[in-house]
Amino acid sequence: MKELHTSGVLRNYTCFCDHPNPTPKIQSVVTRPTCMHHFKGCMFQPMKTMAAPFRSLVEDYPRYLKSFELFLERSSEHQCMQDFIHNTLPDILTSIGGGRPILNVMGVGSGAGEIDLDMLAQLHLKHPHVKVNNEVVEPSNDMLHKYKVRVLTTPDLDHINFAWNKMTASEFEKHWQEKSTGKKMDFIHMIQMLYYVKDPQATVSFFRSLLNKDGKLMIILVSGESGWGKLFTTFKEQLCNTELSQCVTTGDIKTFFDSEGIPYRNYELLSQMDITECFTEGDPVGELLLDFLTEVIEFSKNAPEDLKKGVLDLLRHPDCSKEVDGRIIFNNNLGVLVVEP
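Residues numbered from 1 in each chain as written. Predicted model: local features only at pLDDT ≥ 70, side-chain atom pairs only at ≥ 80, totals over all residues. Heavy atoms only, no water.

Novice: What exactly am I supposed to notice about empty space enclosed by the protein here?
Specialist: The gaps of empty space that remain are located by a probe, the size of a water molecule, rolled over the atoms. Within this model, the largest cavity holds a volume of roughly 50 Å³. Those elements giving two or more residues to the lining of the largest cavity turn out to be α8 (227-239) and α10 (284-294). Per-element tally for the lining of the largest cavity: the top contributor is α8, with three residues. Partitioning the lining of the largest cavity into residue classes produces six nonpolar, two polar and one charged. (1 Å grid on protein atoms, 1.4 Å probe; cavity = no way out; pocket = protein on both sides within 12 Å on 5 of 7 lines; lining within 4 Å. Points joined across faces, edges and corners; volume = space filled by probe spheres on them. Helix = DSSP H or I, 4+ residues; strand = E, 2+ residues; numbered from the N terminus. Nonpolar A, V, L, I, M, F, W, Y, C, P; charged D, E, K, R; others polar.)

What follows is the structure, given as structure tokens:
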């Protein structure tokens, strides 16, 4: 759900899963009455099994959108992405293309296109005389419409040909294999979308297989060292949908790359989010932020007391947050992984 360029990032929240319904019902149930906390001096008590499953935030799009907009207001996520795109990505893009007159680019989970067009602008600065074929993979009609409107209202895009693919990652994989074109990509980006595929490793492997010999695949997710990573590790069984990969971080993808001997470049993007209101009972801002953090509709009302206390205690713990001038600042760091064929 996190398309925050976000496609998610995630995080424009586009539900990027393989379920035939674009907003599937996601069930998360406490299955083991043990504390899964990972650091010493654990303050958490064993969790009780819930009487009923949680409803995922993606089932209530207006509430999701409201919480996502609040997240953007309270966090520095988009700013840290833009800094990376403007200051680091250009050097990554320098070596692609091999002098060819046309570059093939693909965005997987592109959302409304804001981040895509920013990256395409940087690509044009590095390769000003080439044409670009840009494949857009996005399952949401609403997001595709916004992307197309953005293209129509953005100047100096005559060198880009846009191909629109309204489909999920798995649908696109099947579509691509059926076409059997043999077409290769020079740059593929997957920003905040691996949370909503069934098998992130297989998804990454497929799109990596589409790269030209000098191509680059860029993945952006929450960092395994962020507060999100600690939250996912601690409460995976209670909060994360087992049919998707809702709790995946760059740490998981790096482990996969290491196990396969795949070299990669790793970048950490520093980001933070003010979650102070989460600790005031009944505060409407805090309740929306808790929904966003847990991806559960009305978490503070629906979670068992011991789970709610465990989540709040962890969010306030130094492993996840720091206190600055009386405010609780959550570690929202992102990770960027860049791999070649």
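Novice: Got a minute to help me understand the packing of aromatic side chains in this structure?
Specialist: For any pair of aromatic rings, the description consists of the separation of the ring centres together with the inter-plane angle of the planes. According to the stated counting rule, one finds 17 aromatic pairs in the structure shown. When the centroid spacing of 4.5 Å and the interplanar angle of 20° are considered together, the rings of Phe71 and Phe292 count as stacked. Here Phe292 lies in helix α10 and Phe71 lies in helix α1 (residues 61-74), a separation of 221 residues in the sequence. Since its relative accessible area comes to 0%, Phe71 is described here as buried. Among the residues examined, Phe292 registers a relative accessible area of 0% and is labelled buried. Within the aromatic cluster, the residues linked to one another by ring pairs are Tyr64, Phe68, Phe71, Trp228, Phe232, Phe292 and Phe330. Across from the ring centre of Phe279, 4.9 Å away, lies the NZ or CZ of Arg316, which sits over that ring. (Phe/Tyr/Trp six-rings, centres within 6.5 Å; stacked < 30°, edge-to-face > 60°. Buried < 20%, exposed > 50% of the residue type's maximum accessible area, 1.4 Å probe, protein only. Lys NZ or Arg CZ within 6 Å of the ring centre and 35° of its normal.)

Novice: Sorry, what's going on with the side chain of Thr276 here?
Specialist: Assignment of secondary structure puts Thr276 in the loop between β7 (272-274) and α10. Judged by relative accessible area, Thr276 falls into the buried class, the value being 15%. Only 3.2 Å separates the side chain of Thr276 from the side chain of Arg327, close enough to count as a polar contact. One polar contact links the side chain of Thr276 to the main-chain amide nitrogen of Ile328, over a distance of 2.9 Å. (Polar contact = N/O pair within 3.5 Å; in protein donor to acceptor, adjacent residues only side chain to side chain.)

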